[in-house]
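# Survey of secondary and tertiary structure
Residues per chain are reported as follows:
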There are 2 protein chains.
Amino acid sequence: MNTAIFYHAGCPVCLGVEHMVTEAIDRSKYQVDTVHLGERTDRIKEAEAAGVKSVPALVLDGQVFHINFGASIEALKH
Amino acid sequence: MNTAIFYHAGCPVCLGVEHMVTEAIDRSKYQVDTVHLGERTDRIKEAEAAGVKSVPALVLDGQVFHINFGASIEALKH
C-alpha cells in the first residue's frame, strides 16, 4: 500500500482540499493519513523534512504537492 | 461518473503532477480528461472560466485545485 499524508491547518482552504483528497484518491492504492499541523506541532519538523512549505499539502510516496494556498509552514510555528 | 479535468502545459512541474493525478485519482469515480493548454489554446477560455489561474491545475466537478506552480495562464496566451 502506498502512503499519502495530507498536511493541513484547519483553514477554510485546507478543508476544501481535504474534501477533494478524501473523495478523489484511490483508496485501494493509498492509505491516507491526515495531519492537522496546528494541533500536531510535533510533526512540523517531519513535514518540513518532506519538503512541505505551505498547507494544504499532500505528500504521496515522498513527493510533495502544494494544493492551493492556506498558510505557510512558518506561520504555523508561532 | 464525476469529471476531472487536468490542465497543464507540458512543463516539468506539470509532468510530475500529471503522474500523481493519473496514479492517485480513483478511476472508478472520476473520468480524467487531460488538456495540454499549450497545444489546445482554444480551451484556455474554458479553463479561465473554471477559475484556472495557473497550470498545472485540476478541476474536479467544477472546483479548481492549483497544484504546485508551473506557469501562469497569462503566459500561455503568448
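Please refer to the structure higher up on the page.
In short, a report on the structure. Just so we're clear, the structure is a prediction, and the values are computed from it rather than from any experiment.

Rotating chain A by 180 degrees and moving it 0.0 Å along the rotation axis overlays it on chain B with an RMSD of 0.0 Å. A rotation of that kind, with that shift, is consistent with a two-fold axis. Comparing interface residues between copies, 100% of those in chain A also lie at the interface in chain B; the contact surface is shared.

As a further point, take the interface of chain A and chain B. With 16 residues of chain A in contact, the opposing surface of chain B contributes 16 residues. Summing both sides of the interface, chain A and chain B together bury roughly 1,400 Å²; the carbon and sulfur share of this comes to 54%. Here chain A and chain B share zero salt bridges between them. Mapped by element, the contributors of at least two residues to the side of chain A that touches chain B are α1 (12–24) and β4 (63–72) of chain A.

As a further point, take the state of the cysteines. All names here are of chain A. Going through the model one piece at a time under the given rule, you end up with two disulfides over all chains. Each sulfur of the disulfide joining Cys11 and Cys14 lies 2.2 Å from the other. Of note, the bridge from Cys11 to Cys14 carries an S-S torsion of about 70 degrees and is right-handed in sense.

Cut-off values and rules
- The numbers attached to residues start from 1 for each chain and follow its sequence in the written order.
- Starting at A for chains and at 1 for ligands, labels are handed out in the order in which the entities are written.
- Reporting of local features is limited, given that this is a predicted model, to residues whose pLDDT is at least 70; pairs of side-chain atoms are given and counted only at 80 or more, and all residues count toward the totals for whole chains, interfaces and linings.
- The basis for the side-chain values is all heavy atoms of the structure; hydrogens and waters are excluded.
- Here the copies were fitted onto each other by least squares, based on C-alpha atoms from residues at pLDDT of at least 70 in both.
- We call two residues contacting when some pair of their heavy atoms lies within 4.5 Å.
- By buried area we mean how much accessible surface two parts lose on assembly, using a 1.4 Å probe and totalling the loss over both.
- Any Lys or Arg side-chain nitrogen located within 4 Å of an Asp or Glu carboxyl oxygen qualifies as a salt bridge.
- In DSSP terms, a helix is any run of H or I states spanning at least four residues, a strand is any run of E spanning at least two, and both are numbered starting from the N terminus.
- When two cysteine sulfur atoms lie within 2.5 Å, the pair is treated as a disulfide.

That is the geometry; function is a separate question.
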